Every structure is written in structure tokens, then in C-alpha cells.
Amino acid sequence: MHLGALFIASHVLTSGSVRETARRFQLSPSTVSTAIHNLETELAMTLTERASGELATLIASGRVLEGLEPIMAAIAELGQWAGHDEIDEAWASRIPVKIVTMERFLEVADQGSINRAARRLRLGQPQLSLQLANLEKFLRHRLFERQAQGSVLTEEGRRVYQIFMAISQAWNDLKSSADERYRRTARSLRIGSIIPTGSESWVARCLGTLVSEWNMRRNNNAISLVSMTADDLREALKSGRIDVAILDSVFGLENFRHRELLQTEMVVIAPPDSTETSVADLVAGHPICTPSPRTGLGHAAMAFSYERAPNRRLRGQDITAADSLPVIVDLVANHGYVSFLGRVSATPIADKVRIVDLDEHLPMSYHVAFNHRKAAADACTMIIEAAARITSEAVVKTAAVA
């Protein structure tokens, strides 16, 4: 990481725009994007994301900006020392000095000898000498007086020493936080699941059981949980952002280790006060809200609803897709919509909605996919066991009520 890239990344986090930063510093957008990407890599954290084609800074970026403030102040001081009355943004954004070069300069100054510093840094003395010469060339000042007994800082070198020391300390503070985050991430087991219908759903109860039993067994790996759509889960598993994924479709799992979690069938959920007795009448007489096509369930539900209602009035205008299952349940329970769920997901909310069987059996299956980690395979086994217990309990309760 070099100082110019840090200066660019800081401005991106402040302005929230790659293109505005590129125009301001007269750089290509790709150069600016690379700077922010390199900072994210160095700190092992995501600072920005793309939303509808626009760059959005995340909450974590505020803390990083605070950590960068001493570095930005030091860059401004370096610019003034180099002969710039005010901060020259074009010059600052192009400073080629790497942090590792600054730290090597500091080591030579502390050791008072290029040879001793080279030995401590495990570098060749010619290589270290060349780096210092290039640094002096860029700054247009001699930083060391070469003497028989070693290398002594010049007056200009002492000023640069103070500036580089401030940058090094601030950067190490940022990096130490990143290193700790990396260690926590490496120890944790990251589990992603499809979005549960609510706290009473089998998915939520299954994950709650997993966390409780996992911690009771004193496993070394802490668990972190996240919910998202099936499409996002597959991408997160592929990129390594999660270790285990609970999905409502087997589609796209060919390249992952995976096991079937449970089987069920699709049903219609209707308003509790609805009176229609057939699925065709329900679909024709109510607006539809289905899970998003980004989910396995949503993809199947959208296809089913279109096939069964080819002539319905305003078809397509009153079919809403949503990624939030709790919102879908609320629309059905309180606003007159109908939707589609797997029976295993509909059963726990039978007191809120009316469950109607399809005219024909439409099977569904849920799966759990996982990576190579032993902890992931162990969690997968526990999830399957928990799902079997929870869904069998739900069946027994439903039979007792009936």
C-alpha cells in the first residue's frame, strides 16, 4: 500500500464516489477503484458496496476514516515540507512511497546503519540502499549522511522521520484492528440460511438449536449467522464468505458438498377469513405476493401462479415478489394476499393464515451445502438432526390439533 492510494481511498470514503474522486484527481476510475480495493484487502474488511450502480459506504468506513486522519495530516505536512503551500491533491494522490519503504527508512534511522538494518530486515544491502536512494530522489532531499561509522539523518531526514513515524504508527493501529478481525473470522464458523418466516419457523428454531448445542459442546469455532436469498447464499459459499448454507433448492449445488435437509411440498397460504375452496379461485380473487425468484421457492411459486392463471385480470400487475418472508406472511394474514410456501414453513404459522393444498402434489426439498472445513461438516450434521426433530414435532402438534 502506498501513500497515494491511501489518500485516494480516504477521499472515496469521504465523498462516497469513485467517479467524483477520479475527476477531482484526474485519475482513471479503475485506479481509484483499485485504491479502495487494496485498502479493503489490507484491512480485511468491506468498506463499500455497489447499490443500484452507485457506491455506498458502509458503517465500518467511518471508523477507518478516523484512523486515516493522522495519515492524511502527515501527508499534508509532507506536502508542505516538499514545497507545496497548500495540500496539492494531484501530487498527494500520486505519492509512490510505500508504507513498507517508510518502515525500512525508519529502521535504518534507528539502527544508524544500512548494513545493520538490512540484516534485521533480512534484505540485501544493495536492495535497501537502492530503495533509500529512490526515496531521496522522489523527495528531492538527502535524508542520510553516509559516514564511516554508519548513516546519520540529515536535518531534512529528521523532519521526514517524524512524518513517517506518525504515518507508521497510525497505519499499525489500523492494521492491528484488522489482524484481530481476521483472527476472529478465521476462528468463526459462518453459516448462511434462507430467510425464515419468523421466530417460530423451522429455520429459525433449527439455527437456534444449532447455536445452543454447539456452544454447550465447547466447540473452538464461534458461530456467526446471516440470512439471505438462495442466489446470494450460493455466491457467498462460492466466494468463501460463508462455510455452510441452508437453501430451498438443490439448483446450483453441483460444485459443493451438500446433503438433503428435508422434503416437503408446496401449499398455498391464504387470508384466515378467505372462503375460496380451490387454488384457482384464490389465485383469481386475491393479489399474490410470492418469495423472490432469487429463492428456490420463489422461482417455483412464480412459475406455478402464472401457469394456473393465464387469463387473470391485471396479471403481472398484482403479483408482487419479495425477499422478506415475514412481510409476505403479514400481507397474507392482514392484507388479503395469497402466497406459496413449503408445508414445513407454513405449518408453524397455521394460526395466522389458512393453508390450502394444491390440486396436485408439487414436491420441494431443502438442502444444506458446506465447504471443506471439518467444523462445517459437523455443523451440517447437527443442522440435519435439529431439522428432523423440529419438523417431526410440528407434525405431531398439527395432528393433535386436528
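What counts, and at which threshold
Residues numbered from 1 in each chain as written. Predicted model: local features only at pLDDT ≥ 70, side-chain atom pairs only at ≥ 80, totals over all residues. Heavy atoms only, no water. Helix = DSSP H or I, 4+ residues; strand = E, 2+ residues; numbered from the N terminus. Buried < 20%, exposed > 50% of the residue type's maximum accessible area, 1.4 Å probe, protein only. Contact = heavy atoms within 4.5 Å. Areas by Shrake-Rupley, 256 points an atom, 1.4 Å probe, with all protein chains shown as cover. Expected span 1.5 Å × (residues − 1). Arc of directions from axis to C-beta. Axes fitted to C-alpha atoms, helices over the stretch in contact; angles between N-to-C directions. Parallel < 35°, antiparallel > 145°, perpendicular 65-115°, else oblique. Nonpolar A, V, L, I, M, F, W, Y, C, P; charged D, E, K, R; others polar. Salt bridge = Lys/Arg side-chain N within 4 Å of Asp/Glu carboxyl O. Phe/Tyr/Trp six-rings, centres within 6.5 Å; stacked < 30°, edge-to-face > 60°. Core = buried A, V, L, I, M, F, W, Y, C linked by side-chain atoms within 4.5 Å. pLDDT = per-residue confidence, 0-100. Left-handed = near helix turned anticlockwise from the far one by under 90°.

## Focus on the overall build of the protein
Each helix and strand in the protein was counted, giving 16 helices and 13 strands. Buried residues in the protein amount to 47% of all 402 residues. Long-range pairs, those at least 24 residues apart, make up 70% of the contacts in the protein with a sequence separation of at least 6. Summed over its atoms, the accessible surface of the protein is roughly 20,500 Å², and 50% of this surface lies on carbon and sulfur atoms.

## Some details on helix α3 (residues 29-43)
Taking 1.5 Å of rise per residue, 15 residues should cover 21 Å, and α3 covers 21 Å from first to last C-alpha, within 8% of that figure. Along α3, the positions that sit buried rather than exposed are Val32, Ala35, Ile36, Leu39, Glu40 and Leu43. Viewed along the axis of α3, the buried residues span an arc of 130°, placing them on a single side of the element. A positive backbone phi angle near 55° is found at Ala44, which sits one or two residues after α3.

## A few points about unusual backbone geometry
For Arg122, which is not glycine, the phi torsion reads 60° and is therefore positive. Under the relative-accessibility criterion, Arg122 is labelled exposed at 78%. Phi is positive for Arg140, close to 60°, though the residue is something other than glycine. If you trace the backbone, Arg140 turns up in the loop between α8 (125-139) and β3 (144-147).

## Topic: the packing of helix α6 (residues 99-111) against α8
Between α6 and α8, the least distance of the axes is 10 Å, while the angle of their chain directions is 110°. When the axes of α6 and α8 are compared, the pair comes out roughly perpendicular. Every residue of α8 that contacts α6 at Arg104, Phe105 and Val108 is listed here: Gln127, Leu128, Gln131, Leu132 and Leu135. A breakdown of the residues in the contact of α6 with α8 according to their chemical character gives five nonpolar, two polar and one charged.

## Looking at the pattern of salt bridges
Should the charged atoms of two oppositely charged side chains come close, the side chains can pair. A complete count under the given rule lists 14 salt bridges for this structure. Here Asp357 makes a salt bridge to Arg343, at a shortest N to O gap of 2.5 Å. With Asp357 in strand β12 (residues 354-357) and Arg343 in helix α15 (residues 343-346), this residue pair connects regions lying 14 residues apart in the sequence. Judged by its relative accessible area of 45%, Asp357 falls in the partly exposed class. One network of salt bridges, in which partners are shared, links Arg190, Asp243 and Arg373.

## Structural notes on the packing of aromatic side chains
Any two aromatic rings considered together are summarised by their centre-to-centre distance and by the angle between their planes. Summed over all chains, the structure comprises five aromatic pairs. Taken together, a centroid distance of 5.5 Å and an interplanar angle of 35° make the contact between Phe7 and Phe25 tilted. Taken together, the residues span a long stretch of sequence, with Phe7 in helix α1 (residues 3-15) and Phe25 in helix α2 (residues 18-25) at a distance of 18 residues. Cluster of aromatic residues (ring-pair linked, three or more members): Phe105, Phe144 and Phe164.

## Section: α8
Its 15 residues place the ends of α8 21 Å apart at the C-alpha level, agreeing with the 21 Å of an ideal helix rising 1.5 Å per residue. For α8, the set of buried residues is Leu128, Ser129, Gln131, Leu132, Leu135, Glu136 and Leu139. Looking straight down α8, one finds that the buried residues subtend no more than 160° of arc, so they occupy a single side. Opposite its buried face, α8 presents the exposed residues Pro126, Leu130 and Lys137, each directed more than 90 degrees away. Taken from the residues just after α8, Arg140 is the one with a positive phi, measuring 60°.

## Things to note about the environment of Ala166
Residue placement: Ala166 occurs in helix α9 (residues 155-187). Taking C-alpha positions, Ala166 is 7.1 Å from Pro70, a pair spaced 96 residues apart along the chain.

## Looking at the nonpolar core
Ranked by internal contacts, the top residues of the largest apolar core, which has 65 residues, are Trp202, Val244, Ile246, Leu261, Val268, Tyr366 and Ile383. A per-element tally of this core places helix α16 (residues 374-401) first, with 10 residues. Ignoring anything within four residues of it in the chain, the contact list for Ile383 reads Cys206, Leu210, Val244, Ile246, Leu261 and Val368. Counting 59 residues, the second largest nonpolar core, distinct from the first, contains Leu13, Val18, Trp81 and Ala118.

## Observations concerning the confidence of the model for the protein
Averaged over every residue, the pLDDT of the protein is 85; the share at 70 or more is 88%. Ignoring residues within four places in sequence, the model shows residues 310-317, a span with pLDDT below 50, making 11 contacts including any to other chains. Confidence over residues 398-402 falls short of pLDDT 50; this stretch has one contact with residues more than four positions distant or in other chains.

## Regarding the packing of α1 against helix α4 (residues 60-81)
In contact at an axis separation of 9 Å, α1 and α4 are set at 130° when each is read in the N-to-C sense. In terms of their interaxial angle, α1 and α4 are classed as oblique. The interaxial crossing formed by α1 with α4 has left-handed handedness. On the side of α1, the interface is formed by Leu3, Leu6, Phe7, Ser10, Leu13 and Thr14, while α4 contributes Ser61, Val64, Leu65, Leu68, Ile71, Met72, Ile75 and Leu78. Its residues assigned to classes, the contact of α1 with α4 shows 11 nonpolar, three polar and no charged.

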